Amino acid sequence: MSTKVTINRLATGVPGLDEVLGGGLPEFSFNLIAGPPGCGKTTLAHQMMFALATPERPALFFTVLGEPPLKMLRYQQQFDFFDSDAINQSIRYINLADDTLAGDLDEVLRRIVSEVEAHAPSLVFVDSFRSVVLASQTQHYPNNNLPQFVQQLGMLMTTWQATTFLIGEYFTETDTNPIFTVADGLIWLRQSVERNSMVRKMEIMKMRGQPTLPGLHTFRIASSGIRVFAPAPLNPDETPRSLPMQRLKMGVPRLDEMLGGGLPRGYSLLVAGPSGSGKSILAATFLAEGARNGEAGVIAVFEQRPNHSQNATLADLIRSGQVSLVDSRAPDLSIDEIVQLLLSEISRLNATRVVIDSLSGFELALAPTFRADFRESLSRMVTALTRAGVSVLMTSELEDRYTDLRFSPYGTAFLTDAIIVQRYIEVRSRLLRIMAVVKVRASAHCDELRQYHINDDGLQIGEMLADQEGLLGGRPTTQRTGDHND
Amino acid sequence: MSTLSEESRQIVASLAHRVGPSVDIAGIAEAITSILQDMDAALTPIIGQQGCVALLRRSLHLSASAHARLAGMHDRVQATPDRSGLKAVLLEQTEADALFFGEVLLTTFYTLLTTLIGPSLTARLLRDVWEPSLSDTPSQENSP
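Colleague: Can you break down the interface of chain B and chain A residue by residue, with the values?
Modeller: Every contact between the two is made by 20 residues of chain B and, on the other side, 18 residues of chain A. Interface area lost by chain B to chain A is led by I46, L121 and R124 of chain B, which between them contribute 37%. When the shortest N-O distance is used, the salt bridge between R124 of chain B and D85 of chain A registers 3.8 Å. Across the chain B-chain A interface, the total number found is seven residue pairs in polar contact (both at pLDDT 80 or more). It is helix 2 (residues 25–66) of chain B that contributes the most residues to the side of chain B that touches chain A, eight residues altogether. Here the residues of the side of chain B that touches chain A are counted per class, giving 10 nonpolar, seven polar and three charged.

As structure tokens, this is what we get:
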């Protein structure tokens, strides 16, 4: 039997935060929520408080100087989590403005102690702690000792078995502040501004005793409150690809045969081609074929004018609920947000086929601050999706360059398991389309450049243009009969 | 705003209840200030002493601008805009005027708070003022 203490972890009620914290909030911990004005500190505190407080586990919310309590109540009740019935029952607000204004830290501490003793809260919030600090810097109380105050407060709250949050405006995390040392947890909120875009980010700089997820995690504040986009968990027991390979039908006649029998299940496929080459049609057919076999699908559309409205098949699938449309027009997306959206739709529908149309639009939808890391982002998305067990088809706009053979403008072709390339060629004053399967990992596939055309039924793949050569240069020439030894 | 007029009726009824059968000016002034004191007691822990004083001053101002006959009273209360100052001014009025002033002031205070923090939270914070007899723990919260 273990004699080690068991630290209970509280579910914060903030979507994604428990994951980032490494399994929830340690009970009786002494935490600091810090960040510049407007970054969501008070909202985060309220959301956790309303989720955690119960009549048996009441909360005290001390308001100090700063935002007037009337304003705070006025604005916080706009959020869905705010429940008026909890006030004065499981949640009690206590104003310490007068005590703080006087500037005597001992008196502030005495007030906090007496209220804590009177109400025996399990949760204590002090908003804003920064003003306590500022008020302490007065000439009238030369004996004010902030480190001692913090130390005593921390000790008191822990012995009273209260999980505590100090909320404060701090602008630099490198300040040598006694609070940073005493606190068990440091939750730092930021607003990252680049060009005209703003992205909210959260960092758990410290959380004693548990494996937090390092790095900056994006979050949004909506009417439902804060939602943190934790990175998709890396599932260690990833199911090995079953042998023999199961293959998915693409829904385009002859394409399965070109792929060596269909797209292996769980593969990622890049369809690269110039504008108008039929990438989106191929993607819609892929989903429709899945739906025909009872497989649900998810499509993420990042175009300014999503062409799902122009594709009747896809529109029908979306209407019937067999395909879920992720059409996030939210500005300044982060990769984790998109992955969360996709994964939640995948698990909702138990979907097996996913389409990203297109990577170019996806790049534009990302906040500028993430664009520099686009390859890493893409890699994480592909990994997260294929680990979820789905097969992914991504389209990529490819400017036709006849001088080189490229599959994506991002140098990301290596990320995908399979690649189909589409091109235009000029033959006898006509613009013809050809496509080829460039790669199918661990599988034999066709190496032919096949001509295809698009009609009302989708892509129709024809034969090789055997009498032409130099197709990839865009201007093929007819092979001279003399070249054939027939 | 049917809910608010419902609250107004409640406030007026509560005031009448506190005044009781004796309609002397001292009783009326005492009832009005005791209700204000209870409101203060309910709100001060949450919004602070200064927040309560500011709300009372604004309520006095709004009451006087809405009812010309209260303007004179308002001017005199302005000198010491707290409960004792208010009580002193009330004692100088006729019973009917003082009662009217009390009703207007209390409903205005309530409405003002409603515009700031919404009807449900206002009702939540002040319900013990109107229903002192019901302030005991409701039965559903006795369950363990």
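Colleague: Help me get a handle on the pairing of strand 10 (residues 217–222) of chain A, residues and values and all.
Modeller: Residues and elements named next belong to chain A. Two strands pair when backbone bridges link them, and strand 9 (residues 197–207) and strand 10 are joined in this way by three bridges, in the antiparallel orientation. Considered in strand 10, the bridge of R200 is made with F219. Linking strand 10 back to strand 11 (residues 225–228) in an antiparallel pair, the connection comprises two residues.

Colleague: Give a detailed account of the side chain of E115 of chain A, specifying residues and quantitative values.
Modeller: With respect to the secondary-structure elements, E115 of chain A resides in helix 5 (residues 105–119). For E115 of chain A, the contacting residues outside a window of four places in its chain are L60, F62, I94 and A120 of chain A.

Colleague: Run through the nonpolar core, naming residues and quoting values.
Modeller: Core analysis: the largest hydrophobic core is formed by 80 residues, its most contacted members being L44 and Y93 of chain A. With 16 residues, helix 2 of chain B is the single largest residue contributor to this core. In terms of nonpolar packing, the next biggest core, distinct from the first, is built from 36 residues, A296, I338, A365 and A367 of chain A among them.

Colleague: Before we move on, could you go through the packing of aromatic side chains and cite the residues and values that matter?
Modeller: Scanning all chains against the criterion turns up nine aromatic pairs over all chains. An angle of 50 degrees between the planes, with centres 5.4 Å apart, marks the rings of F61 of chain A and Y93 of chain A as tilted. Highlighted residues: F61 of chain A in strand 4 (residues 59–63) and Y93 of chain A in strand 5 (residues 91–95), separated in sequence by 32 residues. Here F61 of chain A falls in the buried class, since its relative accessible area comes to 0%. For Y93 of chain A, a relative accessible area of 1% translates into the label buried. With centroids separated by 5.6 Å and ring planes inclined at 70 degrees, the aromatic side chains of F180 of chain A and W188 of chain A adopt a geometry described as edge-to-face. Assigned by exposure class, F180 of chain A and W188 of chain A land together as buried. Three or more aromatic residues joined by ring pairs form one cluster here, namely F50, F79, F81 and F82 of chain A. Between R353 of chain A and the ring centre of F286 of chain A, over which it is positioned, the NZ or CZ distance is 4.6 Å. The residue whose ring lies beneath R69 of chain B is F100 of chain B, and the NZ or CZ to ring-centre distance is 4.2 Å.

Colleague: Any details on the pairing of strand 18 (residues 391–397) of chain A? Residues and values, ideally.
Modeller: All names here are of chain A. Among the seven residues in strand 18, six count as buried, and that is most of the element. Where strand 14 (residues 268–273) lies against strand 18, six bridges are found, and the strand directions are parallel. Paired with A272 across the bridge in strand 18 is S396. Both strand 17 (residues 353–357) and strand 18 contribute to a ladder of four bridges, which runs parallel. Across the sheet, the residue bridging to V355 is L393, located in strand 18.

Conventions adopted
- Residues numbered from 1 in each chain as written.
- Chains lettered and ligands numbered in written order.
- Predicted model: local features only at pLDDT ≥ 70, side-chain atom pairs only at ≥ 80, totals over all residues.
- Heavy atoms only, no water.
- Contact = heavy atoms within 4.5 Å.
- Buried area = accessible area lost by both parts, 1.4 Å probe.
- Salt bridge = Lys/Arg side-chain N within 4 Å of Asp/Glu carboxyl O.
- Polar contact = N/O pair within 3.5 Å; in protein donor to acceptor, adjacent residues only side chain to side chain.
- Helix = DSSP H or I, 4+ residues; strand = E, 2+ residues; numbered from the N terminus.
- Nonpolar A, V, L, I, M, F, W, Y, C, P; charged D, E, K, R; others polar.
- Pairing = 2+ DSSP bridges.
- Core = buried A, V, L, I, M, F, W, Y, C linked by side-chain atoms within 4.5 Å.
- Buried < 20%, exposed > 50% of the residue type's maximum accessible area, 1.4 Å probe, protein only.
- Phe/Tyr/Trp six-rings, centres within 6.5 Å; stacked < 30°, edge-to-face > 60°.
- Lys NZ or Arg CZ within 6 Å of the ring centre and 35° of its normal.

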